[in-house]
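# Residue-level structural notes
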Amino acid sequence: MSAAAEAEIARLIEEIARHDALYYEQDAPAISDAEYDALMRRLRALEAANPGLVRPDSPTQRVPGRAAEGFAKSRHLAPMLSLDNAFDEAEFAEFAARIRRFLQLPEETPLDFVAEPKIDGLSVNLLYEQGRFVRGATRGDGAEGEDITANLLTLRDLPRELPPPFPALIEIRGEVFMERADFEVFRAQQEQAAAEREARKARGEKLGPAVTIPVNARNAAAGSLRQLDPAITAQRPLKLFAYAMGEASEAPVATHHDWLGLLRRWGFAVNPLSTRLTDREAPAFQARMARERPSLPYEIDGVVYKLDRLDWQGRLGFVGRAPRWAIAWKFPAEQATTRLLRIEIQVGRTGALTPRAVMEPVFVGGVTVTHASLHNEEEIARKDIREGDTVIVQRAGDVIPQIIGVVPERRPPHAVPFAFPTTCPACGSHAVREGDDVVRRCTGGLICPAQRVERLKHFVSRRAMDIEGLGEERIETLHALGWLASPAEIFRLHRRAEQLAALEGWGALSTRKLLDAIESRRTPPLERFLFALGIRRIGEQNAKLLARHYHSIGALRERMIAARVIGSEAREELGGIQGIGPAIAEELVEFFAEPRNLAALDDLLSEVTPGEVHAEASDSPLAGKTVVFTGTLAGLSRQEAEARAEALGAKVTKSVSRKTDLVVVGADAGSKAAKAAELGIRVLSEEEFRALAGLG
Ligand code: IVH
């Protein structure tokens, strides 16, 4: 160890700290990024050569960006309390009964309350002296919070001065929050900023301050209010609703209702849904708020009921840290935390590997959930969700539960980043991501048992072959028994009638019904059959387009095989079908290029005969014709023209080929009109088309 190295390290640490401060705190960098990086490189090199000299305060030992200096403390004149909760009508009734007992009021006396939606934001205390805003603080521990005056001054909802008359001194309390829509925009911006930072990191560039992605609106509001730099807070879309009085040199009103009126007069925003009502009316109000909750611009987690008369409030006082005169009647929480036990990977019909969270049971959104969607591997990486983490689960309405984030402070020390499998958990085949697809897929195709089972489920499903009596569970059973590996085998199940009837829970009658249902599906409509095949990207709509274009499974099979050759007529034809884009075409061609798929299809076709689609019986001169539109039509939209032609039995395609019968030419038609002429195809003007199509 050399004393010279030690001194040089000390000098570098000091110099880097100085530049950090200039960069992060004063936004006034004094050196270029390259010079800064050179300082860091020298420090690293010295430390590498002298490991004993690595100081804990060295910038190589921490992430850049200074720890927040913190805010000054601010003591509230009157403590900021919390509220007791009620979760149902009985608990609310008990709360009202307690008040009557305490005040010795007869049971029949209705109690006047003011009901206020309970916004999940951040409560703040605003001190006004001689009508002037002098200080604002967070709630903190209830007795003392952080002085965030400068940040609060950036809120437009905050009056700087109160119009007289006003008490010489008054504390006003309210909630700072972010509206849902503003939050979504803000979160998207933060995600973008985080992604850009990652990109800079990948390029080895200077990072700038860390970017936090808020998990919910409350989190966003809290983070925004606690910025050391008020200029940042000023850019955040924060709002304020005022709702309570703290210390006051004199009571300016006699009821809470009048207090809200006074707040309004002083220029504060007061929640317009705040309503005076009696305790008997509370349940109906609660139900109304629960109904309106999803359409409110901000998130609420319940309703606060406050006894209206302030003198009664004074008599009732407090128990512990909560007033006897108010209660928060909460909705069932839509978010909860629980432990993520493991991440399991499900393999879908098209081989997509879908991660799913298995969690300790948790009550959220009114039900107990154990599973949540994790979307895809990028989502897991982005949110850095690890097995063993404490996670925040959200279930709003009927939406599938989602994991919206983790609680980093509660991460077990040995939790490791989730390694998304690169092989299929069901068959061991490679699982790959193609291009910029976020989904990783098993390449095992039909050899993958998971894909096979999922395809079978899809094949029999209601919108596909619609085989009643063959639910998901039965498919799984039959597949596990080795009796059902391909769709064709469904139609051979009748050979196992006795074995089926002997299965637990099946019996002769239900087996009979199932076999009858299967028999009734041997001649499916072509579009259903195509959809049932479960080819990626071929949903009902595309199946319909294909059926209409190719008319029979035989023709389709033949044309798809021919379309394998890029540039072939069959490929052009496929690409020319309105609504079939290149990705869909690619998927189709690939499916029919796979010998195992063809074998399975032919096997199936030995059992079923899909119907043929005939052009609508029409005596229109357009029936059965392949038509291409080009150029701008004057009298009707392209869409309408195409729809009209199709309705009359024409096949509309995008490009001109030998198969084209008619080309309808509008204004500014380009190469297609020329090609039609070259191929000797009949060209129609817009007027001629209208005449043919009966459009007058
Ligand atoms: S009154 C003694 N009114 O709920 C009265 N609080 O659990 C105390 N809150 O920290 C508060 N909306 O952040 C009150 N209309 C409302 C409220 C409300 C939201 C929050 C506030 C407080 C917490 C109490």
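Let me sum up the structure you'll find in this document. Please read all numbers here as calculations on a predicted model, not as lab measurements.

Moving on, we get to the site of the ligand. The environment of the ligand is formed by 14 residues, the closest being Glu116, Lys118, Glu175, Tyr243 and Lys306. Lys118 is positioned with one of its side-chain polar atoms (N or O) 3.2 Å from an oxygen atom of the ligand. At 2.8 Å, a side-chain N or O of Glu175 approaches an oxygen atom of the ligand. Notes on the ligand: free accessible area 520 Å², of which the protein chains cover 86%. Secondary-structure elements contributing two or more residues to the shell around the ligand are strand E3 (112–119) and strand E10 (300–307). Here the shell around the ligand takes 4 residues from E3, the largest share from any one element. Looking at the shell around the ligand residue by residue, the class counts come to 8 nonpolar, 1 polar and 5 charged.

Mapped onto the elements, Glu686 comes out in helix H25 (residues 686–692). The buried category is assigned to Glu686, whose relative accessible area is 8%. Reaching out from Glu686, the side chain makes a polar contact with the backbone nitrogen of Ala634 at a distance of 2.6 Å. Apart from residues lying up to four places away in sequence, Glu686 is in contact with Leu633, Ala634, Gly635, Leu636 and Val665.

Moving on: the sheet that holds E10. Pairing in this open sheet of 5 strands is mixed, and the strands run E2-E13-E10-E3-E9 from one edge to the other. Since the sheet does not close on itself, it has two edges, and those belong to strand E2 (84–86) and strand E9 (275–278), each with one partner. Going across the sheet, the axis of each strand differs from the next one's by a mean of 35 degrees, ignoring polarity. Sheet topology places E2 next to strand E13 (residues 326–330); 3 bridges connect them, and they run parallel. Bridging from a neighbouring strand, Ala86 pairs with Trp329 of E13. Contacting E2, E3, E10 and E13, helix H3 (residues 89–103) crosses the sheet at an angle of about 175 degrees to E13. The sheet strands contacting helix H8 (residues 256–265) are E3, E9 and E10, and the helix crosses E3 at an angle near 50 degrees.

Conventions and cut-offs
- Residues numbered from 1 in each chain as written.
- Predicted model: local features only at pLDDT ≥ 70, side-chain atom pairs only at ≥ 80, totals over all residues.
- Heavy atoms only, no water.
- Near = heavy atom within 4 Å.
- Polar contact = N/O pair within 3.5 Å; in protein donor to acceptor, adjacent residues only side chain to side chain.
- Areas by Shrake-Rupley, 256 points an atom, 1.4 Å probe, with all protein chains shown as cover.
- Helix = DSSP H or I, 4+ residues; strand = E, 2+ residues; numbered from the N terminus.
- Nonpolar A, V, L, I, M, F, W, Y, C, P; charged D, E, K, R; others polar.
- Buried < 20%, exposed > 50% of the residue type's maximum accessible area, 1.4 Å probe, protein only.
- Contact = heavy atoms within 4.5 Å.
- Pairing = 2+ DSSP bridges.
- Axes fitted to C-alpha atoms, helices over the stretch in contact; angles between N-to-C directions.

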